[in-house]
Structures are given as C-alpha cells and as structure tokens.
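# Fold and contact review
Residues per chain, in single letters:
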Amino acid sequence: SFTGQSGTNINAFQPLTEQPTIFPTALIARCLSSLPEAGHLNHKAADFLLSQRSSEWSWNYWRRGVPKEQAPHYPDDLDDTTNALAALQLITPAVIDGTVLGQVARLLISAEAQNGGPYCTWLNAPPGKDWQDVDPVVNANIGYFLSLQGVSVPSLNNFLDHCLQKRSLTSPYYVGTIPCLYFLSS
C-alpha cells in the first residue's frame, strides 16, 4: 500500500501527518494500471485493496484494523469504494464478476439521493445531514467505475452536467476545483 499524508494548513500542508488510508493506493493503482512495467506493483496494490474490502464490497478511507485512537471513525463510502473497484477492474478484471456487481448495485441503491442517482457519499451512515452530502467528485468516481462496466446513468450524468454548467465544482473532501475537474475528466 501507499501511505497518505495530510496537513491542517492548506498552503504549506504543515504539519504533515502520515495517514493509514487506502485512498492513495487505489488512485495510484488506477493511474499505473495501463503500464506493463508496473504489473507487479499493480498486483500487490490489488491484493492490498482486496484485503481491505468489507463483505459487502465496500471500502473505508481508513485501512481496516487501524485503532480508533489513530483514525477517527468514518462509515464506508462510495468515493473509496468506487476508486478501489475501478483499480481492481483495470488490474484484475475477473475479480469484478456478477456477484460483485450485484453488491455494488445494492450499495448504490442504498445511497441514492434520488432514484437512479446522484448518490450520497457515505454508506450505512448514522442519521444526520452531515452524512447525506452529494459530492460531485464522489459522483464522478461512481460514474467512472460504472463507465468501466459499459453503464451510463442518465440522472448521474445530468447531475454532473449541472455541476459543470453552474460551476459548482466544490467538495468538502478535495481542495479547490482542480481535483473535481480531474475526476470528471476520467
């Protein structure tokens, strides 16, 4: 796996803290998946990601088994889930079979903000509006994974088109508009 780092100062990213997260591994594996030279690394990343999935085929930002004192509790989420699934689809496509796709469909249905999308970020979240956000980056990552399956969801596409037209490209999880544009371009 690759470690994540974060800081409390947006400009200097200081103090920098190493984070026990799966997120960088999923993103790096997605990016390197087309490079034959990275095959060994990609398969190690895929093995790591598979070791971090829940029985429902969802992922959490934090690595499984990290003490709660080291990482605040978050429910599993569709951002980490769809990035991990996309990496697995690109590296080991046979893993993403009909059973997995059925589980993913259940996860998506459980997180619908509206029928057919867009989708809320968090899975099995506690009640409260803080856990019901509909994030354009998360939904772009959902759309990307679905596109790898040859699936297009009109209401999800309409939501993302609306975000682009209204220049509503902000996310509580990503700094600035550049990450949003990056993930929308996938």
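What comes next is a walk through the structure. Residue positions are counted from 1 within each chain, in the order its sequence is given. The predicted origin of the model limits local features to residues at a pLDDT of at least 70 and limits the giving and counting of side-chain atom pairs to 80 or more, whereas totals for whole chains, interfaces and linings rest on all residues. With hydrogens and water set aside, each side-chain value is computed from the structure's full complement of heavy atoms.

## Considering the side chain of T82
Let me state the cut-off plainly: Segments assigned H or I by DSSP are reported as helices when at least four residues long, segments assigned E as strands when at least two residues long, and all are numbered from the N terminus. Counting of polar contacts relies on pairs of N or O atoms within 3.5 Å, with two restrictions inside protein: one atom must be capable of donating a hydrogen and the other of accepting it, and residues adjacent in sequence are counted only when both atoms are side-chain atoms. Residue contacts are counted whenever heavy atoms from the two residues lie within 4.5 Å of one another.
By secondary structure assignment, the location of T82 is in helix α3 (residues 78–91). A distance of 2.6 Å separates a polar atom in the side chain of T82 from the backbone oxygen of L78. With near-sequence residues (within four places) excluded, T82 lies in contact with N141, I142 and F145.

## So, the pattern of salt bridges
Applicable threshold: By salt bridge we mean one thing: a side-chain nitrogen of Lys or Arg within 4 Å of a carboxyl oxygen of Asp or Glu. Burial classes follow relative accessibility: with a 1.4 Å probe on protein chains only, a residue under 20% of its type's maximum area counts as buried, one over 50% as exposed, and anything between as partly exposed.
In the structure shown here, the tally under the stated rule is 1 salt bridge. Across the pair R64 and D76 runs a salt bridge whose closest N-O atoms are separated by 3.1 Å. One end of the pair, R64, is in the loop between α2 (39–51) and α3; the other, D76, is in the loop between α2 and α3, with 12 residues separating them in the sequence. Overall, D76 belongs to the buried group, its relative accessible area being 13%.

## Overview of the packing of helix α1 (residues 23–32) against α3
Put simply, the test is: As a rule, the C-alpha atoms of each element are fitted with a line to give its axis, helices using only the stretch in contact, and angles between N-to-C directions run from 0 to 180 degrees. Left-handed is the label given to a crossing in which the near helix is rotated counterclockwise from the far helix by less than a right angle, and right-handed is the label when the rotation is clockwise. Here the term charged refers only to Asp, Glu, Lys and Arg, the term nonpolar to Ala, Val, Leu, Ile, Met, Phe, Trp, Tyr, Cys and Pro, and the term polar to all other amino acids, Gly among them.
Direction vectors running N to C along α1 and α3 enclose 35 degrees, while the axes themselves pass 8 Å from each other. Crossing of α1 against α3: the hand is left-handed. Contacts between α1 and α3 involve F23, A26, L27, A29 and R30 from the first element and D79, D80, N83, A84, A86, A87, L90 and I91 from the second. Grouping the constituent residues of the contact of α1 with α3 by class yields 9 nonpolar, 1 polar and 3 charged.

## Concerning the side chain of S171
One can find S171 in the loop between α6 (154–165) and α7 (178–184). Here Y173 takes part through its backbone nitrogen, which lies 3.0 Å from a polar atom of the side chain of S171. A distance of 3.4 Å separates a polar atom in the side chain of S171 from the backbone nitrogen of Y174. Apart from residues no more than four positions distant in its own chain, S171 is found in contact with D135 and V137.

## With respect to the nonpolar core
Inside soluble globular proteins, nonpolar side chains tend to come together where they are buried. Basically, it comes down to this: Residues belong to one nonpolar core when they are buried, are Ala, Val, Leu, Ile, Met, Phe, Trp, Tyr or Cys, and are joined through side-chain atoms within 4.5 Å.
Formed by 42 residues in total, the largest nonpolar core has its most connected members in L49, W59, L78, L85 and I142. Only α1, α2, α3, α4 (98–110), α5 (136–148), α6 and α7 provide two or more residues apiece to this core. Those residues within four positions of I142 in sequence are excluded, and the remaining contacts are L78, T82, L108, Y119 and L156.

## Comments concerning the environment of L169
Relative to the helices and strands, L169 resides in the loop between α6 and α7. On the basis of relative accessible area, L169 is assigned to the buried category, the value being 8%. For the pair formed by L169 and L181, sequence separation is 12 residues and the distance between their alpha carbons is 7.6 Å. Once residues within four sequence positions are removed from consideration, L169 is found in contact with C163, L164, G176, T177, C180, L181 and L184.

Fair warning: the whole summary comes from geometry, so function is off the table for now.
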